[in-house]
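Chain residues, written in single-letter form:
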Amino acid sequence: MSNAFDDAYRRSMDDPEGFWGDVAEDVRWIKKWDRVLDSSNKPFYRWFSGAEVNTCFNAVDRHVEEGRADQLALIYDSPVTGNTVRTYTYKQLLDEVAGFAGVLKANGVEKGDRVLIYMPMVPEAAIAMLACARIGAIHSVVFGGFASNELAVRIDDAKPKVIVSATCGIEVGRVIEYMPLLNGAIDMAAHKPNHCIILERPEFKTVLSEGRDIDWATAMESAVPAECVPVLATDPLYILYTSGTTGEPKGVVRDNGGHLVALKWSMKNIYGVDPGDVYWAASDVGWVVGHSYIVYAPLFHGCTTILYEGKPVGTPDAGAFWRVISDHKVNVMFTAPTAFRAIKREDPDGKLMQDYDLSHFRHLFLAGERTDSDTLHWAEEKIGVPVIDHWWQTETGWSIAANCIGLHAFPVKPGSPTKAVPGWDVQILDENVTPVKDGVIGAICIKLPLPPSSLPTLWNADDRFIESYLTEFPGFYKTADAGYRDEDGYLYIMARTDDIINVAGHRLSTGGMEEVLSKHPDVAECAVIGVADDLKGQLPVGFLVLKVGVDKDHADIISEVITMVRDQIGPVAAFKTASVIDRLPKTRSGKILRGTMQKIADNEDYKMPATIDDPAILDEIKEALEGIGYASSRTA
Ligand code: COA
Ligand code: AMP
């Protein structure tokens, strides 16, 4: 017997234009589209071509017009600043956003210009994003845990006219000064912004650069509110940089129309949320989860969103999430499994939960990495609500696979994010681009065209877009995840097929770390692999081969490379372990056998690679891994 999910899925496959055209009626358009799906310039498919819209209007203004002016739009909850709570109704948010849009305009920002946002988890980050959308500027938010060098690369690629930042971010027990990081990045970058607008936080005051820097609060005092401007549905809303297979991040482009349509639809149909509900994504605005589910989707849907500046543990304890859920009557929450592993480790019996009223809480959604069964069962048992794993990527902007609670709740199978969501034609392929049988692992690909909100291209890099995603499996988008589908249509996402590792739900490139290590003057060759970690899912571990004749203490070299990764990529890389070895295991053609090294580290079975140059070297790797606390291996 079919259900609402099956019906929606089938229609989205058989008649994508009809399906998304109907869904799009839920959005307030300035001008309707000429074509729902424009396939005239394949493989650059465009959704809602010819339509005009404003994303900010749909996130804020429309709710003020439609009766939600006094409803809370955003609750800022910040245990790291002495339990600050600040709230914004939709009307108050509108005033702030229109005001800041006026500040951007007064500083020369026009439609199509880029604005880089390098901010901690404060409401002003969301206000700046929405203000850009209001005037048709393209924002590019950079996560606060990235170092100057990463910021400089993004400045040079996006070429922002203005950068919006703050004097500091706050991590557990320490204040992170942003200005040295920002100034360092601007010094390093070839492109210079005209202005930086700086939010001064009470926790850290700084001296602004005269002529370049503008104080946020002062500028807002004289701001002339700006109105929403029409943009094309196909115009970019934002660029979000994500790790690619080299040190160069990929600038994922998101358009206005498709994003609006798909994200609004996802709130009811995937998350089972209604307008007026309280929705909390415990992530960071610097990641795609923060873009989609802290800022945009909950506001498109008229919900109250929570912007939380804190951690699951340590701010002040493992009861922090229960406190927020209880204080703000959260209905649905979204975070990464690592956060629940952290809570479970500190409060295995869930004792801290007992102090709080969780009666409004309906569903917990997890993504960013695979949800292990232990964490799933622990969360289900302790919280007593369904725990839903769902799978997506920065590139897609929303779920590829999920248990679509608002359509039909399927039984949860541990280890699976359930089924492909309407709009996503997911196929598991072998290297000949042939679908494999159920239960067989292959490359997870999506048949083109991708549904609305998926990346139309990479910023200023159409060729890289085609080469990275569309070339290996012609006619398909390559997710770079490997996995399988079972006989019930449930998907299982098993591993990345590239050099990306997932550390505490953060996507990082080991290639990028290798580029940093290889800059050390004593390092001849290196490799970085991701090893399994109970808390963070994976952690990077480096192997260094030193140049001939280097007689420096290995501990010093290791500590120097650790500092280099922290300084050049950022603390978020969590690179803290390395080992000096005599040589790296390679194939006869010189390819480093990172996959085999990782299996040895994780104590998994591995096959001796037929093309290995010298099998004895694997014993040396095993010994080195044991020396830094990782397990021994079994050969198959
Ligand atoms: N600015 C500056 N530094 C930051 C930062 C930021 N915005 N975010 C993290 N860092 C730093 C941390 O302080 C830490 O520094 P340290 O090495 O000096 O301790 C380092 O980067 C690594 O951070 P993280 O991997 O987050 O580890 P953690 O020990 O601070 O916290 C968790 C671990 C599991 C509690 C945390 O990662 C978490 O809550 N994750 C789940 C939610 C999430 O962020 N998901 C992302 C996508 S949904
Ligand atoms: P990001 O672009 O940072 O969102 O990272 C996307 C990658 O994280 C995916 O390609 C997967 O490798 C991994 N990922 C995200 N969600 C899940 C999930 N639910 N299960 C397994 N892996 C996931």
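This structure is a prediction, so every number in the text was calculated from the model and none was measured.

**Regarding the domain arrangement of the chain**
For the chain, the assigned domains are domain 1 (4–310 + 390–483) and domain 2 (504–627). Computed from C-alpha atoms alone, the centre-to-centre distance between domain 1 and domain 2 is 33 Å. Taken residue by residue, the interface counts 17 residues in domain 1 and 13 residues in domain 2. Each partner contributes to the roughly 1,100 Å² buried at the junction of domain 1 and domain 2, and carbon and sulfur atoms together form 48% of this total.

**What to know about the site of ligand 1**
Taken together, 23 residues are adjacent to ligand 1, and Glu171, Pro312, Lys536, Arg566 and Lys576 come closest. Gly144 is positioned with one of its backbone polar atoms (N or O) 3.4 Å from a nitrogen atom of ligand 1. One nitrogen or oxygen atom from the side chain of Glu171 is found 2.6 Å from an oxygen atom belonging to ligand 1. Bound to the protein, ligand 1 loses 84% of the 930 Å² it would expose on its own. Looking at the shell around ligand 1, the elements with two or more residues in it are β10 (174–177) and α12 (337–346). Looking at side-chain class alone, the shell around ligand 1 contains 10 nonpolar, 7 polar and 6 charged residues. Each of domain 1 (4–310 + 390–483) and domain 2 (504–627) accounts for three or more of the residues forming the shell around ligand 1.

**Concerning the site of ligand 2**
Surrounding ligand 2, one finds 14 residues, the nearest of these being His390, Thr394, Asp481, Arg496 and Arg507. At 3.0 Å from a nitrogen atom of ligand 2 is found a main-chain nitrogen or oxygen belonging to Gly368. Bound to the protein, ligand 2 loses 91% of the 490 Å² it would expose on its own. Residue composition of the shell around ligand 2, grouped by class: 3 nonpolar, 5 polar and 6 charged.

**Structural notes on the environment of Trp424**
Relative to the elements of secondary structure, Trp424 occurs in the loop between β22 (419–420) and β23 (426–429). Distance from Trp424 to Glu395, taken between C-alpha atoms, is 13 Å for residues 29 residues apart in sequence. Ignoring sequence-local partners within four residues, the contact set of Trp424 consists of Tyr9, Met13, Thr396, Trp398, Ser399, Ile400, Ile446, Leu450, Pro451 and Ser454.

**Quick look at the side chain of Glu514**
Take Glu514: it is sitting in helix α15 (residues 510–517). Look at Glu514 and you get buried, because its relative accessible area is 11%. From its side chain, Glu514 meets the backbone nitrogen of Val528 in a polar contact 2.7 Å long. Once residues within four sequence positions are removed from consideration, Glu514 is found in contact with Cys526, Ala527, Val528 and Arg594.

**Here we look at the pairing of strand β26 (residues 491–496)**
In this sheet, β26 lies alongside strand β25 (residues 476–485) in antiparallel orientation, the contact comprising 5 bridges. Of the residues in β26, the one forming a bridge with Ala482 is Ala495. Where β25 folds back on β26, the antiparallel hairpin that results is connected by 5 residues, among which Gly489 adopts a positive phi of roughly 85°.

**Some points on the sheet that holds β25**
Pairing is antiparallel across the open sheet formed by 4 strands, whose spatial order is β23-β24-β25-β26. The two strands at the open ends of the sheet, each matched to only one other strand, are β23 and β26. Adjacent strand axes in the sheet meet at a mean angle of 50°, parallel and antiparallel pairs treated alike. One ladder, built from 5 bridges, connects strand β24 (residues 442–447) with β25; its direction is antiparallel. Along β25, the bridge assignment pairs Lys447 with Phe476.

The rules behind each value
- Residues numbered from 1 in each chain as written.
- Chains lettered and ligands numbered in written order.
- Predicted model: local features only at pLDDT ≥ 70, side-chain atom pairs only at ≥ 80, totals over all residues.
- Heavy atoms only, no water.
- Domains from an automatic or database assignment.
- Contact = heavy atoms within 4.5 Å.
- Buried area = accessible area lost by both parts, 1.4 Å probe.
- Near = heavy atom within 4 Å.
- Polar contact = N/O pair within 3.5 Å; in protein donor to acceptor, adjacent residues only side chain to side chain.
- Areas by Shrake-Rupley, 256 points an atom, 1.4 Å probe, with all protein chains shown as cover.
- Helix = DSSP H or I, 4+ residues; strand = E, 2+ residues; numbered from the N terminus.
- Nonpolar A, V, L, I, M, F, W, Y, C, P; charged D, E, K, R; others polar.
- Buried < 20%, exposed > 50% of the residue type's maximum accessible area, 1.4 Å probe, protein only.
- Pairing = 2+ DSSP bridges.
- Axes fitted to C-alpha atoms, helices over the stretch in contact; angles between N-to-C directions.

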